[in-house]
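Below, each chain spelled out in residue letters.
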Amino acid sequence: MVHGRNALTKYKGNLGKMKIKMITFTKWFLLNAIFLTAIFFAETKGAISLMVKNDVSYLTVVIMLLYLLVSGFVGKLCYLSDKVAEGKERQAKKFLARRAEIGWFAAEHFFSLGLLGTVFGLCVATATNLDPDAQVTTIVAGLKQGLNTAFYTTICGIVFSLPLQGQLMILKFKLEED
C-alpha cells in the first residue's frame, strides 16, 4: 500500500511540473460545442432536415460537410498552437499562420457557395416561367422549389461561415501574442 501512495505522490509531483496550457484549444472546443448544440436544437425543430430536403443543389450538405472538415483542421491547429515548444515559437507560429490560411479561404468561400446556390435556385425558379403553356400550379411549384434552394443555401453559407471565422480569430489572437 505504501508503494501505491508513493507512486501517486510522484505522479502528482510530475503533473505540477507539466504546464501545458490548452487555452486556445479549449476556446475552440467551447465555441464548437455551443455551435453544434445550437445545430442540434435546430434539428430537433426540423430546421436542418428542412434545409437539406428543400435544397435541390445539395450545396447545403456540401457546406455542412466542409464545415466539419475545416473546423476539425482548425481545431488541430489550435491544439498545436498550445503545444509550441520553447525556442521554436517564431517558426511554429509562422507555420501555423500559413496553415490557417486554408481555413480563411474556406470560411470566405462558404459565402460564395451560398451565393452559388442562390443563383442556382433562381435559375430553377425561373426555368418553368419560360414555358408559355405551363400551368399556374407548375409555375408556382417551380418558384417555390427554386426560391427554397436560393434562400437555404444562402442561410447555410452564412451560418456555417461565421463560427468558422470565430475559430480562426481565436487562433489568430494566439499566433499574434508576443
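Residues numbered from 1 in each chain as written. Predicted model: local features only at pLDDT ≥ 70, side-chain atom pairs only at ≥ 80, totals over all residues. Heavy atoms only, no water.

Engineer: I keep staring at the side chain of S81 and nothing clicks. Help me out?
Structural biologist: Secondary-structure assignment places S81 in helix 4 (residues 59–82). You can call S81 buried: its relative accessible area is 5%. (Helix = DSSP H or I, 4+ residues; strand = E, 2+ residues; numbered from the N terminus. Buried < 20%, exposed > 50% of the residue type's maximum accessible area, 1.4 Å probe, protein only.)

Engineer: I would appreciate a short explanation of the nonpolar core in the present structure.
Structural biologist: General note: in soluble globular proteins, nonpolar side chains tend to be found buried as a group. With 27 residues, the main nonpolar core has V74, F160, L164 and L168 as its most contacted residues. For this core, the secondary structure elements donating two or more residues are helix 2 (23–44), helix 3 (47–54), helix 4, helix 5 (89–127) and helix 6 (136–175). The biggest single contributor to this core is helix 4, with 8 residues. Not counting chain neighbours up to four residues away, the residues in contact with L164 comprise Y67, V70, S71, V74, G103, A106, A107 and F110. (Core = buried A, V, L, I, M, F, W, Y, C linked by side-chain atoms within 4.5 Å. Contact = heavy atoms within 4.5 Å.)

Engineer: What am I meant to see in the packing of helix 2 against helix 4 here?
Structural biologist: The description of two helices packed together rests on the angle between their axes and the distance between the axes. Across the interface, helix 2 lies against helix 4 with an axial gap of 7 Å and an inter-helix angle of 155 degrees. Taken together, helix 2 and helix 4 sit at an angle that is classed as roughly antiparallel. Contact with helix 2, carried on its side by I23, T24, F25, W28, N32 and F35, involves Y67, S71, G72, V74, G75, C78, Y79, S81 and D82 of helix 4 and no other residues of that element. Its residues assigned to classes, the contact of helix 2 with helix 4 comprises 8 nonpolar, 6 polar and 1 charged. (Axes fitted to C-alpha atoms, helices over the stretch in contact; angles between N-to-C directions. Parallel < 35°, antiparallel > 145°, perpendicular 65-115°, else oblique. Nonpolar A, V, L, I, M, F, W, Y, C, P; charged D, E, K, R; others polar.)

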